[in-house]
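The chain contents come next:
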Amino acid sequence: MIELENRQALGAEFQELAEFVLKAAKERGASAAEVGIDKGTGLSVEVRMGKVDKLQYHRDQGASLTVYFGHKKGFASSGDFSRKALEDTLDAACRIARYTAEDEFNGLADPELMAKNPLDLDLYHPWAINADQAIELALAAEGTARAYDARISNSEGASVDSYAGLGVYANSNGFNGLNSSTRHSLSCSVVAQENDAMQRDYWYTTSCVAEALESAESVGKEAARRTVRRLGSKPIATCEVPVLYAPELARGLIGHLVSALSGASQYRKASFLLDSVGKQIFPEFLQLRECPHIPRALGSRTWDAEGVATQEREIILDGKVQGYFLGSYSARKLGLATTGNAGGSSNLLLSHTGASFQDLLQAMGRGLLVTELIGSGINMITGDYSRGAAGFWVENGELQYPVEEITIASNLKDMYLGIQGIGTDVDQRGSIQTGSILVNRMIVAGQ
Amino acid sequence: MQDAMAYARAEFLTPSGLNESALDKVFAELLSKDTTLADLYFQAARYESWGLEEGIVKSGSYSIERGVGVRSVCGEQTGFAYSDEISLQALLESARAARAISRAGQSAKVQAWKAQMPTRHLYGLSDPLASLSESDKIDLLHRMDTKARAASPYVKQVMASLVAVHEIILIVDEQGRMTADVRPLVRTNVSVIVERNGQTESASSGGGGRFDLDYFINNHRADEFAEEAVRQALVNLDAQAAPAGAMTVVLGSGWPGVLLHEAIGHGLEGDFNRKGTSAFSGRIGEQVASKGITVVDDGTLEKRRGSLTVDDEGTETQCTTLIEDGILKGYMMDRQNAALMGTQSTGNGRRQSYSHLTMPRMTNTYMRAGEYDPAEIIASVEKGVYAVNFSGGQVDITSGKFVFSASEAYLIENGKATRPLKNATLIGNGPDVLTRVSMIGNDLALDTGIGVCGKDGQSVPVGVGQPTLRVDGLTVGGTAA
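Note on numbering: residues in each chain are counted from 1, in written sequence order. The lettering of chains begins at A and the numbering of ligands begins at 1, in the order of writing. Two thresholds apply to this predicted model, a pLDDT of at least 70 for residue-level local features and 80 or more for giving and counting side-chain atom pairs, whereas whole-chain, interface and lining totals are computed over all residues. Only hydrogens and water are removed before side-chain values are computed, so all heavy atoms of the structure are retained for them.

**Student:** Got a minute to help me understand the overall build of chain A in this structure?
**Tutor:** Think of it this way: any DSSP run of H or I at least four residues long counts as a helix, any run of E at least two long counts as a strand, and we number them from the N terminus. For chain A, the count of helices and strands is nine helices and 17 strands. This radius of gyration counts C-alpha atoms alone. The globule rule is 2.2 Å times how many residues there are, raised to the power 0.38. Taken over the C-alpha trace, chain A has a radius of gyration of 24 Å; the compact-globule value for 447 residues is 22 Å, and the two agree within 12%. Considered along the principal axes of its C-alpha atoms, chain A spans approximately 70 × 55 × 35 Å. Only protein chains enter the accessibility calculation, which uses a 1.4 Å probe; a residue is then buried when its area is under 20% of its type maximum, exposed when over 50%, and partly exposed in between. When the 447 residues of chain A are sorted by exposure, 59% land in the buried category. Pairs at least 24 apart in sequence give 71% of the contacts found in chain A among residues at least 6 apart. Should any heavy atoms of two residues lie within 4.5 Å, those residues are counted as being in contact.

Spelled out as structure tokens, the structure:
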């Protein structure tokens, strides 16, 4: 079992340490302070070609301290939790704060916004597994993948990971909250060969509850299926066609939206969606909701990185922007209220248009199904988008052959408005949950 | 002057009472009869960073990372554990966990402990965090802000950062070798946002290496970075849609060497080749590049960002020839993969920190110069793209497909670089892209010291370089017909 020993006592000890740090900060003349204390433990096993490849034990801990002297701020962190080390770290933060400038927007979030009643989000479920059992599971995944097709010639291996962590966040406005969570995953990656060409692909499953993971056999089979179907990939001629993003990649399109709507991009005027609240940036059928309180979900949280209570809200309603992702700093810069997004977004749920993956292929008719993207290639200021891709050429709503060594390009503003359908095939392996997304047209560059 | 070993002993061994008999005990737990390699990796790193935005230094941070990683390798199998506490007790626990990889019950022992002294040092021992006073660091950031704003009235935002790292490393291995290294690393970056007639663009520039912070003040390096960021951002304001499709591409010298890093570098790392998962596996001796092309991975360049006196396994770095006159010559190796492939480590065993496992990684990867004047190369192209600067890249080492994204590029029309082009990703096939190189410039340059390489979730600092190159047939991911 990968578990934090004496978790209750450890939590209490960390909350007490946090109070110690806050008090020590006050003694040093700080007008405000905040502290995060985290500890985690984990097991990671990797097998390759039917044998154990790596066995790793993780044990991480860190304390991060922020002090404010009026509107001046300093930050320091350390992995040593002895009171002496924490005091040294605090001194380092105070030293930094002597040299940073007055910034009137600096400071803790308003005390009345602090989360009052922590919800039980049911995120802590240690996995009753030891190293030998984890190895067995990984071997089962890889074994299934290698047996799937004679063309599976090699393997990058299969791995099982289990992690349990605990964290405290406290600030001098009286907030002192304790969180704990687990995360487990099983993944497999194999290589297929035909003639001289090799292809690899992978599949994984992840959850905070081991019982919710896909079976090892199903992960292995899906990894193999995805790998074999890439054999015979070739470039296509340059063309302008609709592009269907598979769910695991569609998530990225929403990720770019989160960046563009983040408070930092907005106040820096470094966003292609500047001042976009109330504006129609998607078709009317599209809704995006932030739901921070879903039990057992990967992005669930009662409070954000500043202790502010998170709440369910609309991000996109009928295609129009309803709000940004703000922490207290960016909120003050923009003259708005924090949205409880210090540290990022929580769970984001995209609506679907009732279409299955097959329906979307049919709707696309002739075009490109994208199953892999490489490189960054996005200009967040202009929205210009150009990325390496691999996938399948589609005619009459049916996959024809695998495609590689191509790029897909457009501008995110046009892509968002050009969304024609969103699938019911939701990928639940991340905090952003969406089905496949069909974009009306993009430039595909090839031979 | 103290040597690195004295620093390391004082940092890790003396305060924890870790004498030779304590190390004997740890290795007695760690080693068994079938252990092929084992090591302890002690690391103490101090990081300091400062950030300027909107004309003021808004943020600063200081952090300490300290711990020891314990590894036991039996052939292909690796056991690993680490601790942020440096004590005999913690080492014994980690050693027991790491040794679980071994099936043999009998233990083994180290014959004798011996401090290894590297034959040369590529950087100094001094602490870069202390190389400028706090107020001088703040002044440096303001100076970059002022320079950038003075360079153009269209500059709306300037973000500048300054980072200094000082690391002390001690590696103790199963052969009794004890190797120490003290590593400085500094980096600065300037990002600007420009706005003209309601149109906005951005660009950034920066550099660094294994030296003191005054490098940025001497020879006006910081000023140059600020001016360069503004210049690039202004060029991008005039950029038009890049073409789409396969065409002739001229790559500028220096940082565009990210081509080599992605297209061939990763594919020549020992682990992928030992496992046979790289598009380059089993191809030593084959022609993989045009004649005249020689590519090396060189960890021995003084004070460069990607350089190391010794790698993270205590092996002295070297200049490894990867491709010589177009022929594939060798792979980059760490100890484990070298042993499994019956060869020697090339000093490419690297790790992000004590809590990460060692892998074969690049250091400074570059192509040697050819004979053409860069102007002559551009003049030779009737229609194509001249890509001068890039923002990064990625590769699928198995299919060999790689991308890198141009952040400053121009259309070439009738032998002349003309209109600037919007950012576009370029995609190619690693094993044959270098066979499409038809002209090699005489202007080899290394990057300014900005590279970060990611692999398996681990980041390490690297360098790249190349002369101007003409590549016939790279796919450009623009939006124009």
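**Student:** How should I be thinking about helix α3 (residues 88-99) of chain B in this particular structure?
**Tutor:** Helix span is expected to be 1.5 Å times the residue number reduced by one. Its twelve residues place the ends of α3 of chain B 16 Å apart at the C-alpha level, agreeing with the 16 Å of an ideal helix rising 1.5 Å per residue. When α3 of chain B is considered as a whole, its buried residues turn out to be Ala90, Leu91, Leu92, Ser94, Ala95, Ala97, Ala98 and Arg99 of chain B.

**Student:** What is the right way to read helix α5 (residues 247-260) of chain A from this model?
**Tutor:** Since the α-helix advances by 3.6 residues per turn, residues separated by three or four positions end up pointing in the same direction. All names here are of chain A. In this model α5 runs 20 Å from its N-terminal to its C-terminal C-alpha over 14 residues, within 8% of the 20 Å that 1.5 Å per residue would give. Burial of α5 is extensive: ten of the 14 residues sit out of reach of the surface. Looking only at α5, the buried set comprises Pro247, Leu249, Ala250, Arg251, Leu253, Ile254, His256, Leu257, Val258 and Ala260.

**Student:** Quick question: what am I supposed to make of the interface of chain A and chain B here?
**Tutor:** Interface size is commonly expressed as the accessible area that is lost once the parts come together. Taken together, the 65 residues of chain A in the interface contact 69 residues of chain B. Buried area: the accessible area, evaluated with a 1.4 Å probe, that two parts lose upon being put together, summed over both parts. Summed over both partners, the interface of chain A with chain B comes to about 5,500 Å²; 50% of that surface belongs to carbon and sulfur atoms. Salt bridge criterion: a side-chain nitrogen from Lys or Arg within 4 Å of a carboxyl oxygen from Asp or Glu. On the surface where chain A and chain B come into contact, there are ten salt bridges. Across the pair Asp384 of chain A and Lys422 of chain B runs a salt bridge whose closest N-O atoms are separated by 2.9 Å.

**Student:** Would you mind going over the packing of aromatic side chains with me for this structure?
**Tutor:** To describe a pair of aromatic rings, you give the distance between the ring centres and the angle between the ring planes. The aromatic pairing rule takes the rings of Phe, Tyr and Trp, using the six-membered ring of Trp, and pairs them if the centres are within 6.5 Å, calling planes under 30 degrees apart stacked, those over 60 edge-to-face and the rest tilted. According to the stated counting rule, one finds 17 aromatic pairs over all chains in the structure shown. Ring geometry for Phe14 of chain A against Phe81 of chain A: centres 5.4 Å apart, planes inclined by 90°, an arrangement best described as edge-to-face. You can see Phe14 of chain A sitting in helix α1 (residues 7-27) and its partner Phe81 of chain A sitting in the loop between β3 (72-78) and α2 (83-99), a full 67 residues away along the chain. Phe81 of chain A matches Phe14 of chain A in its accessibility class, with the two residues each being buried. When the centroid spacing of 4.4 Å and the interplanar angle of 15° are considered together, the rings of Phe390 of chain B and Phe404 of chain B count as stacked. You can see Phe390 of chain B sitting in strand β15 (residues 383-395) and its partner Phe404 of chain B sitting in strand β16 (residues 401-413), a full 14 residues away along the chain. Look at Phe390 of chain B and you get buried, because its relative accessible area is 4%. Among the aromatic residues, ring-to-ring pairing joins Tyr169, Phe175 and Trp303 of chain A into one connected group.

**Student:** Looking at this model, I keep getting lost on empty space enclosed by the protein. Mind explaining?
**Tutor:** Gaps left between atoms show up when a probe the size of a water molecule is rolled over them. Cavity: a set of points on a 1 Å grid over the protein atoms alone where a 1.4 Å probe fits but cannot get out. Pocket: an open set with protein on both sides within 12 Å along at least five of seven lines, its lining residues, like those of a cavity, having an atom within 4 Å of a point. Grid points are joined across faces, edges and corners, and a volume is the space filled by probe spheres set on the points. Considering all chains together, one arrives at five cavities of 30 Å³ or more under this definition. Arg230, Glu372, Ile374, Gly388, Ala389, Ala390, Glu404 and Glu405 of chain A together with Asp396, Ser399, Lys401 and Ile427 of chain B are the residues that line the largest cavity. For the lining of the largest cavity, the elements supplying multiple residues, two or more each, are β12 (367-374), β13 (384-395) and β14 (398-411) of chain A. The element that contributes the greatest number of residues to the lining of the largest cavity is β13 of chain A, accounting for three residues. Split by residue class, the lining of the largest cavity holds four nonpolar, two polar and six charged. Amino acids are sorted into nonpolar (Ala, Val, Leu, Ile, Met, Phe, Trp, Tyr, Cys and Pro), charged (Asp, Glu, Lys and Arg) and polar (every other residue, Gly among them).

**Student:** Help me understand the sheet that holds strand β10 (residues 320-321) of chain A, please; the structure alone is not making it clear to me.
**Tutor:** All names here are of chain A. DSSP calls a pair of strands paired once it identifies at least 2 bridges connecting them. As summarised here, the arrangement of the five strands in space is β10-β9-β8-β11-β16, forming an open sheet in which the pairing is mixed. Strands with a single pairing partner mark the edges of an open sheet, and in this sheet they are β10 and β16 (432-433). Alignment of strand β9 (residues 313-317) against β10, held across two bridges, turns out to be antiparallel. By the bridge assignment, Leu317 is partnered in β10 with Lys320.

**Student:** Which parts of the structure should I look at to understand the environment of Ile171 of chain B?
**Tutor:** Residues and elements named next belong to chain B. Here Ile171 is to be found in strand β5 (residues 155-173). Linking Ile171 and Ala44, residues 127 residues apart in sequence, is a C-alpha distance of 12 Å. When sequence neighbours within four positions are dropped, the list of residues in contact with Ile171 reads Asp39, Leu40, Tyr41, Arg177, Met178, Thr179, Asp311, Asp312, Glu313 and Gly314.

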